[in-house]
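# Survey of secondary and tertiary structure
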Amino acid sequence: MHRFLLTPRWWGINVFVALAIPFCLFMGTWQLGRFEGRVGSHKEAQAERPADRAAEPLDSLLPVDTKTSGRLASTAGEYGQQLLVPERDLGGKPGFYVLTLLRTDSGKTVPVVRGWLPGTADPAKAPAPPTGRVEVTGALQSSENSGTKGVHAQGGLPPGQLGVIGAATLVNLVHEPLYDAWLTVQTPVDGMTPVPAKAPSNTGLDLKAFQNLGYTGEWFVFVVFVLFMWFRLYRREVETLRDAEAGLLPAEAPAPAPADASGKPEQTPEPEPATARSAE
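Note that this is a predicted model, so its numbers are computed, not measured.

Structurally, Trp30 is set in helix α1 (residues 8–47). We classify Trp30 as partly exposed; its relative accessible area is 41%. The spatial distance from the C-alpha of Trp30 to the C-alpha of Thr216 is 7.9 Å, given a sequence separation of 186 residues.

The next point concerns the pairing of strand β2 (residues 72–85). Summarising the sheet, strand β1 (residues 56–57) and β2 pair through two bridges and their orientation is parallel. Considered in β2, the bridge of Glu56 is made with Ala73. Of the pairings in the sheet, the one linking β2 to strand β5 (residues 133–142) comprises seven bridges and is antiparallel in character. Paired with Gly77 across the strands is Val134, a residue of β5.

Let us look at the pattern of salt bridges. In this structure the tally under the stated criterion is eight salt bridges. For Arg71, the salt bridge goes to Glu56, with nearest N and O atoms at 2.3 Å. Of this pair, Arg71 sits in the loop between β1 and β2 while Glu56 sits in strand β1; the two residues are 15 residues apart in sequence, bridging distant segments of the chain. Arg71 gets classed as buried once you look at its relative accessible area, which sits at 10%. Judged by relative accessible area, Glu56 falls into the partly exposed class, the value being 25%. Overlapping salt bridges bring together Arg88, Glu144 and Lys198 as one network.

Rules and cut-offs
Residues numbered from 1 in each chain as written. Predicted model: local features only at pLDDT ≥ 70, side-chain atom pairs only at ≥ 80, totals over all residues. Heavy atoms only, no water. Helix = DSSP H or I, 4+ residues; strand = E, 2+ residues; numbered from the N terminus. Buried < 20%, exposed > 50% of the residue type's maximum accessible area, 1.4 Å probe, protein only. Pairing = 2+ DSSP bridges. Salt bridge = Lys/Arg side-chain N within 4 Å of Asp/Glu carboxyl O.

See below:
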């Protein structure tokens, strides 16, 4: 009854199923691991608040990663050029950042967002930075790029304004080496509102995280589908064999006679009667 499983056709089906199921399970487990990793990163990012730890030297927290982003960093130096970062909303209100370049004692420059002010970017609204050597403590942030949410990447800003906070956009304004990071002061300064630290990129429960979860479900559904199709083919084969043994299958029709050149079926000559042959 089950010898059909050893036929070449069923060997191909069985090999396909034996390879497809482990592959689907592996891919589903991998996608589930990616989702769990994003959940873990999200929890870690939510737990890492600037107030949770004491400030550490800036150089000890670089380069910025998911563990150091948002941590309090301290450095010292002298403030220099001040820039405004327009079109930055805070608490649902439009406004702008006040960014001042700090030339640290190491000789490298780090952008420092000293605070946020409502309204359109206006140099007259921004308070001047302190003079002389200062010590600065702020939440460490990774450099922005044109794809960062909320940045003004179209260009065309007037002099003294900056659309993207990052070393790549400041390299033409600063002649000293730049840190590939920036700080946001977390205490009120000169009447400005502190800019809260942003969570590290790719650590939130965003659309990509739920895509991983959806792919996980799809791969496990594929496993069920492969098993279902194998069982369906197996059951149909068994039923066909049982019907054949019971004589329930229709008999095969005789093959049609070949046609001659005119398209008419050839006539098979009838055999002569035995009496006629014997008379000859």
